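Here are the chains, one letter per residue:
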Amino acid sequence: MLEIKNLSTYYKVLRGYVKAVESVSFSVEEGESLGLAGESGCGKTTIALSVTRLLPVGGQIVGGKILFENLDLTKLDDYEIRRNIRWKKISMIFQGAMNAFNPVYRVVDQITEAIIAHEPGVTKDEAEERGQKLFELVGLEPSRIYNYPHEFSGGMKQRAMIAMALACNPKLVIGDEPGTALDVIVQAQVLKLLNDIKKKLGLSMILITHDLSIITETCERVAIMYAGKIVELSDVFTLFTEPLHPYSQGLIGVFPDVKAPKQRMISIPGQPPDLLDPPSGCRFHPRCKYAMPICKKKEPPFAESKKNHLVACHLIKS
Ligand code: SF4
């Protein structure tokens, strides 16, 4: 359904170009959930904003293709994206439901506005009716759609955001940190809701998170990002049981095992690099305990080490 080929997205700033996403490739099949994981600032949200063509001022796709149902989204103009793709085929659950709604408009106005903007033939009454059904689908009392965002709890706002993302019956939903800022109980409820809706509507999903445990519960495959690049991609079980890239190993290692004996927590030393001037060769080499001379000079290819398990590391033979 979605195939991203060598996507590069940069942000122009006073000091140059921030290479937020560089030569990223992956695909999402129909009905599949793919998790995108990595530290803050590694380019996960930039991929989502590139796909939905919602990059802020200064952001630009400088290379690659985003094929959605064989249509290259990078070639479409803003009007075509707004009219035919965004929200109707690909929608997004934005980061931080607390701030994603406009506080001075009722939720019903914001959901119906999205429906009418993308489907001009729909009347206000029809859009309201659809909004109420969506509220029912996400487990909210339909009449609450007439409330203002401040009348909702955090979990209710997140559910309302999910309803809004489903307003135009998209085929692909991108969830950008849908569990952030929610307590663990509400987070679990929201993740269960996303899973149920995905199965019920046959949706494809990209789930962006820095929390790997969310991916294990919701996704079939996972891509690990570091400093604007995907460093490892496989099915969730393989990645958690046999992570190959030193960064993936570190990322999994920082999550304590509640059943394991007490031990000192492991962390990844150092800081993510400045993407205005990323490190040469493997971008992880300044923090990698296995770094070799070649790692500074040559970028490792992103290649299959085993069937459907891709990794970019000079240690791993393809
Ligand atoms: Fe570490 Fe080298 Fe592999 Fe990069 S390529 S992860 S620096 S061993």
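For clarity, every value in this text was computed on a predicted model and none was experimentally measured.

Conventions adopted
As a convention, each chain's residues are numbered from 1 in the sequence order in which they are written. In keeping with the predicted nature of the model, local features appear solely for residues at pLDDT of at least 70, side-chain atom pairs appear and are counted solely at 80 or more, and the whole-chain, interface and lining totals rest on all residues. The side-chain figures draw on all heavy atoms in the structure; neither hydrogens nor water molecules are used. Secondary structure elements follow DSSP: runs of H or I of four or more residues count as helices, runs of E of two or more count as strands, with numbering from the N terminus. Radius of gyration means the value over C-alpha atoms here, while the globule rule gives 2.2 Å times the residue count to the 0.38 power. Only protein chains enter the accessibility calculation, which uses a 1.4 Å probe. A residue is then buried if its area is under 20% of the maximum for its type, exposed if over 50%, and partly exposed in between. Residue contacts are counted whenever heavy atoms from the two residues lie within 4.5 Å of one another. With residues, only the protein chains shown are counted as cover, and all accessible areas are computed by Shrake-Rupley using a 1.4 Å probe. All tallies of charge rest on Lys and Arg as positive and Asp and Glu as negative; His and the ends of each chain are not included. To locate a charge, take NZ of a lysine, CZ of an arginine, CG of an aspartate or CD of a glutamate. For two strands to be treated as a pair, DSSP must find no fewer than two bridges joining them. In this analysis, axes come from line fits to C-alpha atoms, helices being fitted only over the stretch in contact, and the angle between any two N-to-C directions falls in the range 0 to 180 degrees. In this text, buried Ala, Val, Leu, Ile, Met, Phe, Trp, Tyr and Cys residues form a nonpolar core when linked through side-chain atoms within 4.5 Å. Roughly parallel means an angle under 35 degrees; roughly antiparallel means over 145; roughly perpendicular covers 65 to 115; every other angle is labelled oblique. By convention, the crossing between two helices is left-handed when the near helix turns anticlockwise from the far helix through less than a right angle, and right-handed when the turn is clockwise. Stacked, edge-to-face and tilted labels apply to pairs of Phe, Tyr and Trp rings (six-membered ring for Trp) whose centres lie within 6.5 Å, assigned for plane angles under 30 degrees, over 60, and everything in between, in that order. Each ring is checked for a lysine NZ or an arginine CZ that lies within 6 Å of its centre and within 35 degrees of its normal; such an atom marks a charge sitting over the ring. The nonpolar class holds Ala, Val, Leu, Ile, Met, Phe, Trp, Tyr, Cys and Pro. Asp, Glu, Lys and Arg form the charged class, and all remaining residues, Gly among them, are polar. Here the expected length of a helix is defined as 1.5 Å per residue gap, with one fewer gap than residues. A molecule or strand has a residue near it when one of that residue's heavy atoms lies within 4 Å.

*Asks:* Help me understand the overall build of the chain, please; the structure alone is not making it clear to me.
*Replies:* Counting its secondary structure elements, the chain contains eleven helices and twelve strands. Taking 2.2 N^0.38 as the reference for a compact globule, 318 residues should give roughly 20 Å; the C-alpha atoms of the chain span a radius of gyration of 20 Å, in line with that estimate. With the C-alpha coordinates aligned to their principal axes, the bounding extent of the chain is approximately 65 × 50 × 40 Å. Expressed as a percentage of its 318 residues, the buried residues of the chain come to 50%. Restricting to contacts in the chain with at least 6 residues of sequence separation, those with at least 24 account for 63%. For the chain, the computed accessible surface area is about 15600 Å², with 54% contributed by carbon and sulfur atoms. Counting 39 positive and 36 negative side-chain charges, the chain places the averaged centre of each group 6 Å from the other.

*Asks:* Sorry if this is basic, but what is going on with the sheet that holds strand β9 (residues 221–226) here?
*Replies:* Adjacent strands of a sheet form backbone hydrogen bonds with each other and so pair up, either parallel or antiparallel. Taken together, the eight strands give an open sheet; going across it, the order is β6-β7-β8-β3-β9-β10-β12-β11, and neighbouring strands pair in mixed fashion. Only two strands of the sheet have a single neighbouring strand rather than two, namely β6 (90–93) and β11 (303–306). Pairwise comparison of adjacent strand axes, ignoring direction, gives a mean angle of 25° for this sheet. Most of the contacts of helix α10 (residues 246–253) go to β9, to which it runs at about 105°, and overall it touches β9 and β10 (229–235).

*Asks:* Is there a simple way to think about the nonpolar core in this case?
*Replies:* Membership of the largest hydrophobic core comes to 88 residues, with the highest contact counts inside it found for Leu 2, Phe 26, Ile 47, Phe 135, Ile 162, Ile 206 and Ile 224. The contact partners of Phe 26, leaving out residues within four places of it in the chain, are Leu 2, Glu 3, Ile 4, Leu 34, Ile 47, Ile 206, Ile 230 and Leu 233.

*Asks:* Got a minute to help me understand the sheet that holds strand β5 (residues 71–72) in this structure?
*Replies:* The sheet built from four strands is open, its strands ordered β2-β1-β4-β5 with antiparallel pairing. Looking at the sheet topology across the chains shown, the edges are occupied by β2 (16–28) and β5. Contacts between helix α1 (residues 44–51) and the sheet are confined to β1 (2–13), β2 and β4 (59–68), with β1 contributing the most and set at about 105° to the helix.

*Asks:* Looking at this model, I keep getting lost on the environment of Ala 223. Mind explaining?
*Replies:* Of note, Ala 223 is situated in strand β9. In this structure Ala 223 comes out as buried when scored by relative accessible area, which is 0%. For the pair Ala 223 and Lys 89, spaced 134 residues apart in the sequence, the C-alpha separation amounts to 22 Å. Other than its neighbours up to four places away in sequence, Ala 223 contacts Leu 34, Gly 35, Leu 36, Ala 37, Ile 230, Glu 232 and Leu 233.

*Asks:* Can you walk me through the packing of helix α6 (residues 154–165) against helix α7 (residues 184–201) in this structure?
*Replies:* The description of two helices packed together rests on the angle between their axes and the distance between the axes. At a minimum axis separation of 10 Å, α6 and α7 run at an interaxial angle of 20°. In terms of orientation, α6 and α7 fall into the roughly parallel class. Classified by chirality, the crossing of α7 by α6 is right-handed. Here Gly 155, Gln 158, Arg 159 and Ile 162 of α6 come into contact with α7, specifically with Val 186, Gln 189, Val 190, Leu 193, Leu 194 and Ile 197.

*Asks:* I'm lost on the packing of aromatic side chains in this one. Help?
*Replies:* Two measures describe an aromatic ring pair: the distance that separates the ring centres and the angle between the ring planes. Using the criterion set out here, one finds six aromatic pairs in the structure. With centroids separated by 4.7 Å and ring planes inclined at 55°, the aromatic side chains of Tyr 226 and Tyr 247 adopt a geometry described as tilted. A residue pair is termed long-range when its members are at least 10 positions apart, and Tyr 226 in strand β9 and Tyr 247 in helix α10 qualify at 21 residues. Residue Tyr 226 shares its accessibility class with Tyr 247, and that shared class is buried. Counting every residue linked through ring pairs, the aromatic cluster contains Tyr 226, Tyr 247 and Phe 284. Across the ring face of Tyr 17, the terminal group of Lys 12 is positioned such that the distance to the ring centre comes to 5.3 Å. Sitting over the face of the ring of Tyr 10, Lys 19 holds its NZ or CZ atom 5.9 Å from the ring centroid.

*Asks:* I'm lost on the packing of helix α4 (residues 107–118) against helix α5 (residues 124–137) in this one. Help?
*Replies:* Two elements in contact, α4 and α5, have axes separated by 9 Å at closest approach and are oriented at 115°. Overall, the two elements α4 and α5 adopt an arrangement that is roughly perpendicular. Handedness of the α4/α5 crossing: right-handed. Counting all contacts with α4, which are made through Val 107, Val 108, Asp 109, Ile 111, Thr 112, Ile 115 and Ile 116, the residues of α5 involved are Lys 124, Ala 127, Glu 128, Arg 130, Gly 131 and Phe 135. A class-by-class count of the residues in the contact of α4 with α5 yields seven nonpolar, two polar and four charged.

*Asks:* Explain α6 here, please?
*Replies:* Because the α-helix completes a turn every 3.6 residues, residues three or four places apart line up on one side. The terminal C-alpha atoms of α6 lie 17 Å apart, and with twelve residues this matches the ideal 16 Å at 1.5 Å per residue to within 8%. Counting buried residues in α6 gives eleven out of twelve residues, a clear majority hidden from the surface. Of the residues making up α6, those classed as buried are Gly 154, Gly 155, Lys 157, Gln 158, Arg 159, Ala 160, Met 161, Ile 162, Ala 163, Met 164 and Ala 165.

*Asks:* I tried to follow the site of the ligand on my own but got confused; where do I start?
*Replies:* Residues in contact with the ligand amount to 13 residues; listed here are only the nearest, Cys 282, Cys 288, Cys 295, Cys 313 and His 314. Taken together, the residues of the shell around the ligand break down into ten nonpolar, three polar and no charged.

*Asks:* Any chance you could explain the pairing of β10 here in plain terms?
*Replies:* Moving residue by residue along a regular strand, the side chains alternate between the two faces of the sheet. Across the seven residues of β10, six count as buried, placing the element largely inside the fold. Where β9 lies against β10, six bridges are found, and the strand directions are antiparallel. The partner of Val 222 across the bridge, within β10, is Ser 234. Taking the residues that link successive antiparallel strands as the turn, the β9-β10 hairpin has two residues, and the phi of Ala 227 there is positive, at about 50°. In this sheet, strand β12 (residues 309–311) lies alongside β10 in antiparallel orientation, the contact comprising two bridges. Pairing of Glu 232 across the sheet is with Val 311, part of β12.

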